[in-house]
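# Structural characterization, general
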Amino acid sequence: MITTPTKLVNAKRTKDSPVKSSLFRQSIRKLSKNKLAVSGFVVVILMFVACFIGPLFSPYTDNKINMAMMNKAPHLKHWLGTDALGRDVLTRVLLAGRISLTVGLASMMLSVFIGSLLGALAGYYRGIVDQIIMRIADLLLTIPSLPLLFIFGALLSEWKIPTDYRMYIVMLMLSFVGWPGLARMVRGQMLSLREREFMQAAVVLGLRDRRKLFNHLLPNIVPLLIVIATLNIGGAILSESVLSFFGLGVMPPTPTWGNMIDAANNMIDFQERPWLWIPPGFSIFATVIAINIFGDGLRDVLDPKQKR
Amino acid sequence: MDNSIEIDHLSTYFYTEEGAVKAVDDVSFRVPLGQTVCIVGESGCGKSVTAMSIMGLVEEPGGKVISGKIDFSGEDLLKLDKHSLRSIRGNEIAMIFQEPMSSLNPVMKIGEQIMEPLIIHLKMSKKQARTRAIELIEQVGISRPEQIADSYPHELSGGMLQRIMIAIAISCNPKLLIADEPTTALDVTIQAQILDMLRDIKTNSNMSILLITHDLGVVAEMADYVIVMYSGKIVEEGEVVELFERPKHPYTKGLLKSKPIINQRLEELYSIPGQVPNPLDLQESCYFHDRCEQCMSICQTKQPQLQEVGTQQKVACWLYEEAVAHV
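Just so it is clear, the model here is predicted, and its values are computed rather than measured.

### As for the overall build of chain A
Secondary structure summary: chain A contains 13 helices and zero strands in total. Helices and strands in chain A line up, N terminus first, as α-α-α-α-α-α-α-α-α-α-α-α-α. Residues counted as buried form 44% of the 308 residues belonging to chain A.

This is the structure:
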């Protein structure tokens, strides 16, 4: 007799109690209504799946040079044709995607980490810490990032860094130029958050700075960080492609989308063999556009104040 | 020791472009153990800044505690280093703020926020802290404590949040609870509940309360001892019954007169004429003189000192300075 009503109440509670609808769930629900953002997300996911799983089904992953199959137009055996060394373009585009996406993701994570940490420290401690960090950031922001990356790239070639390591160094380079803008934004948020009443309450509770910073302040800007991080991936992929296109990023034979489009530098390849440069070009285009659309949708959901 | 906290000649100034603002000017008082002391006054009279000074919340640059001593169980809070201050805050002195809605971190679960001081000050394990947090939620009169512990601040009402704030404040059994207008943002029925709860907690755990309010109803309900502040200074203090029955200072009289009485509809509610003086250009005079009905010539040139009048009552007004009265 008594158990039945309680059960009923409990069942109802788990179904639509406010506790269940966290910000995360709400955001996903709102995001799923944005068709454009969802399609962007789907494209990104497809890209990842294709690049990381696709090559497993290809018989050409060994990158063997095959002189008999040089510069063949797309046909049944090589869906996107072959390049000057007889390698399968489709396989190379997918393998290149692995590198490009990894570099994009990794350098984004690193720059978000550096940027949010330094920005948080600057905004929280203010004074001299703020001055030092933000002046360095300003300095990096005043130098256009592309020339800076070129100089780094040229230095790497000058120092004869082994090609295997270059990928990692390129990641570091990209995050090095990526963090200042982010740090600025995080600092701004921190400056306003630290004055909020709940931070006074945190002081009154006798919390340590570290706890205040990482348990109380940073979680408040996670939505902002997610948005910036997402948009940053696109930028990082683009920068990596630019660098590699100019032969200053990841070096062949390791394929990346950027150094594959390098084929377009050659007049004959450009005019006669579009299968060499259109696939990597389209991959960059599709990925970056998809990421940006998704990021924009995310921003509308997570950070509505930032809407222009 | 029979005092929970003793404030001695505390002065806190804020520096603005136009000059220094004496937000708290040479204020001394004490909170006896197990008693409730109320600080009353209009907006901007320095009552909140007094509380902030005690908790060390006045931040430089901008504001600074110029002088004074805050004696808390034998230690001067103003001279303590960061570490010892941290172990007192939240542990031995707790504070409740005016706006419960904005005093809790919006992205942390209620339970976690109650657990925090328990883990830090009482060195509890996460599991113990959680059990204790749920007990505390229950203790402040909220049902379904488990569920509340897992919800976020925006999911609760203001009254519930203020209860949670109280739960956090009493979690470490503090010796002193500073409540800065704890009921101002709440509606009247909830106000009464919150005040009742504070009173119960006080009697049960023998805690002292420093209550800051502008609401004389709250004062009458809660206080053992009342301090009336005006323009950063104490103008009158005394035992609650005494002060309400025989207010001495014209300002206190004015305050008491401007309180609406239920069931009595007046044409116009009494209000003290004039404005609070600009804290930037305070003269060597009684700060209240231009609003005072009994203003004398000396009031415009000299500042009255806090004097004992009768038992347990002090007032800073020339009307009660016998030496002057005879002149």
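### Observations regarding the interface of chain A and chain B
Chain A puts 24 residues into the contact, and the matching count from chain B is 32 residues. For the pair chain A and chain B, the summed buried area comes to about 2400 Å², and 55% of that belongs to carbon and sulfur atoms. Here chain A is connected to chain B by four salt bridges. The residue A:Arg194 makes a salt bridge to B:Glu59 at a minimum N-O spacing of 3.7 Å. One can count 11 residue pairs in polar contact (both at pLDDT 80 or more) joining chain A with chain B. Only α8 (197-204) and α9 (209-217) of chain A provide two or more residues apiece to the side of chain A that touches chain B. With six residues, α8(A) is the largest single contributor of residues to the side of chain A that touches chain B.

### Some details on the domain arrangement of chain B
Residue and element names in this part refer to chain B. According to the domain assignment, chain B consists of domain 1 (3-92 + 174-260 + 270-277) and domain 2 (104-171). Using C-alpha coordinates to define each centre, domain 1 is positioned 26 Å away from domain 2. On the side of domain 2, 10 residues touch domain 1, which itself brings 16 residues to the contact. Counting the surface lost from both domain 1 and domain 2, the interface buries some 1000 Å², and carbon and sulfur atoms represent 71% of this. In this structure, the connection of domain 1 to domain 2 is made through zero salt bridges. In this structure, the connection of domain 1 to domain 2 is made through three residue pairs in polar contact (both at pLDDT 80 or more). At the level of elements, α2 (82-88) and α8 (188-205) are the ones that each hand at least two residues to the side of domain 1 that touches domain 2. The biggest single contributor to the side of domain 1 that touches domain 2 is α8, with six residues.

### Focus: the nonpolar core
In terms of nonpolar packing, the biggest core is built from 140 residues, with B:Ile5, B:Leu77, B:Ile164 and B:Ile178 touching the most fellow members. Residue contributions to this core peak at nine residues, all from helix α4 (residues 89-125) of chain A. Two domains each provide a minimum of three residues to this core, namely domain 1 (3-92 + 174-260 + 270-277) and domain 2 (104-171) of chain B. Apart from the residues within four sequence positions on either side, B:Ile178 is in contact with B:Ala51, B:Ile54, B:Met55, B:Ile93, B:Ala94, B:Met95, B:Ile96, B:Leu210 and B:Ile212. Counting 21 residues, the second-largest nonpolar core is a separate cluster that includes A:Val170, A:Trp179, A:Leu248 and A:Val250.

### What to know about the pairing of strand β9 (residues 225-230) of chain B
Residues and elements named next belong to chain B. Of all the six residues making up β9, six are buried; the element is thus mostly covered by neighbouring parts of the structure. The side-chain alternation of β9 yields two buried faces, one formed by Tyr 225, Ile 227 and Met 229 and the other by Val 226, Val 228 and Tyr 230. Note: strand β3 (residues 36-40) against β9, four bridges, orientation parallel. Within β9, the residue paired with Val 37 across the bridge is Tyr 225. Relative to strand β10 (residues 233-239), β9 runs antiparallel, the two sharing six bridges. By the bridge assignment for β10, Ile 227 is matched with Glu 237. Following β9, the chain reverses through two residues before pairing antiparallel with β10; Ser 231 in that reversal takes a positive phi of roughly 50 degrees.

What counts, and where the lines are drawn
Residues numbered from 1 in each chain as written. Chains lettered and ligands numbered in written order. Predicted model: local features only at pLDDT ≥ 70, side-chain atom pairs only at ≥ 80, totals over all residues. Heavy atoms only, no water. Helix = DSSP H or I, 4+ residues; strand = E, 2+ residues; numbered from the N terminus. Buried < 20%, exposed > 50% of the residue type's maximum accessible area, 1.4 Å probe, protein only. Contact = heavy atoms within 4.5 Å. Buried area = accessible area lost by both parts, 1.4 Å probe. Salt bridge = Lys/Arg side-chain N within 4 Å of Asp/Glu carboxyl O. Polar contact = N/O pair within 3.5 Å; in protein donor to acceptor, adjacent residues only side chain to side chain. Domains from an automatic or database assignment. Core = buried A, V, L, I, M, F, W, Y, C linked by side-chain atoms within 4.5 Å. Pairing = 2+ DSSP bridges.

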